[in-house]
Amino acid sequence: EMNPELGVRPTIQALESPGPFKDILVKVQETRTGSLMLGAGINSDNGVVGSIVLNERNFDLFRLPTSWEDFFDGRAFRGAGQELRIEAVPGTQIQRYSISVREPFLFDRPYSLLTSAYYRDRIFDEYTENRWGTRVNLGHQFTKEISGSIGFRAEDVNVSQIAAGAPIDYTSQYGSHTILAPGITVAWDTRDSFMRPTEGGKLEFSYEQVFGSNIYPILNLEGSRYFTLWQRPDGSGKHVLAFHSQVSWAGAEDPVYERFFGGGYMSIRGFEFRGVGPNVNGFMVGGQFQLMNSVEYQIPVRANDNLYFVTFLDSGTVESKIGIHDYR
């Protein structure tokens, strides 16, 4: 807890002790670390959705309660600095439910461990997809800018309710399929903010090798760069020019439920959701290769910079093979 007006702040004291080393006593007053967020929205990609998120940033997986008072006083499952996130997203076209636990400093070292379990149900125009899965990710911060991680994804994917007349890309995948995918990620990050960067950039490369019902690799290279072109004398109201590029490729054996699709507000804005890429008889079948580029200019319209106007130009392509034949 930080409250300068009331004098609430961390204090540090060096304790007297014999020998060349001294113990350091740090006293803090803990702030509230839990939150419950409720929301609802509508967008062109996912229809009407709700959102219920329970987040605890000072979770302790191993601090079991000894009495009901531990629950009422907030001592149960709290105190280790882990992050617990439970999320429920019901909707008309998509439903997603997940639980994750993140340890930011495993064994008090610059390693992070993330474990999660999830279920997703998605209604596409061509078919309905259900996914049960779990992820485990071990990360390491090598320097302030450079990090890396190794991970593993295990999923059961069920394809059902295929539309009449759908091509073999969909009909051949009817039923349940298994995904077992180890992967590695390396990132270089100099952004000044995670929520809304105004300077710096990020470059990230990931490689995932998928086994199970099909065997294929997935490679992804993604980069962003941010420039502040104008700001108020107090440092607020920053006008930001942002660039973003992404290139991805998957092996020839990738099934349709793992292919790339372009279009929509999280991809090439202005196009229909999954509206960019190869199609067979009017059915979008996705591709093995995608290239996306975006440039946008952000202008805050409120003094607290929480609301801003964005002008953007998105472009890109999704192709059945490596190459650029229909750049949109």
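Anything mentioned here points back to the structure above.
Visitor: Just to check I follow, could you spell out the pairing of strand β4 (residues 47–59) for this structure?
Guide: Successive residues of a regular strand alternate their side chains across the two faces of the sheet. Judged from the ten bridges that link them, strand β3 (residues 34–43) and β4 form a sheet pairing that is antiparallel. Note that in β4 the partner of G34 across the bridge is E56. Hairpin remark: β3 followed by β4, antiparallel, with three residues in the connecting loop.

Visitor: Is there a simple way to think about the layout of surface pockets in this case?
Guide: Regions of empty space are outlined by a rolling probe, equal in size to a water molecule, passed over the atoms. Size it by volume and the second largest pocket reaches roughly 330 Å³. Lining the second largest pocket are 17 residues, and of these D125, E126, E272, F273 and R274 lie nearest its centre. For the lining of the second largest pocket, the secondary structure elements donating two or more residues are β7 (111–123) and β15 (283–284). In terms of residue class, the lining of the second largest pocket is made up of five nonpolar, six polar and six charged.

Visitor: I'm lost on the pattern of salt bridges in this one. Help?
Guide: Should the charged atoms of two oppositely charged side chains come close, the side chains can pair. For the structure on display, the rule yields 19 salt bridges. For R153, the salt bridge identified is with E155, shortest N-O distance 3.0 Å. The pair formed by R153 and E155 is uniform in burial state, with each residue classed as buried. Residues K202 and E204 are paired through a salt bridge, measuring 3.3 Å at the closest nitrogen-oxygen approach. When its relative accessible area of 26% is taken as the criterion, K202 is described as partly exposed. What makes E204 partly exposed here is its relative accessible area of 23%. A single salt-bridge network, built from bridges that share partners, covers R120, E129, R131, R153, E155, E208 and E258.

Rules of the game
- Residues numbered from 1 in each chain as written.
- Predicted model: local features only at pLDDT ≥ 70, side-chain atom pairs only at ≥ 80, totals over all residues.
- Heavy atoms only, no water.
- Pairing = 2+ DSSP bridges.
- Helix = DSSP H or I, 4+ residues; strand = E, 2+ residues; numbered from the N terminus.
- 1 Å grid on protein atoms, 1.4 Å probe; cavity = no way out; pocket = protein on both sides within 12 Å on 5 of 7 lines; lining within 4 Å.
- Points joined across faces, edges and corners; volume = space filled by probe spheres on them.
- Nonpolar A, V, L, I, M, F, W, Y, C, P; charged D, E, K, R; others polar.
- Salt bridge = Lys/Arg side-chain N within 4 Å of Asp/Glu carboxyl O.
- Buried < 20%, exposed > 50% of the residue type's maximum accessible area, 1.4 Å probe, protein only.

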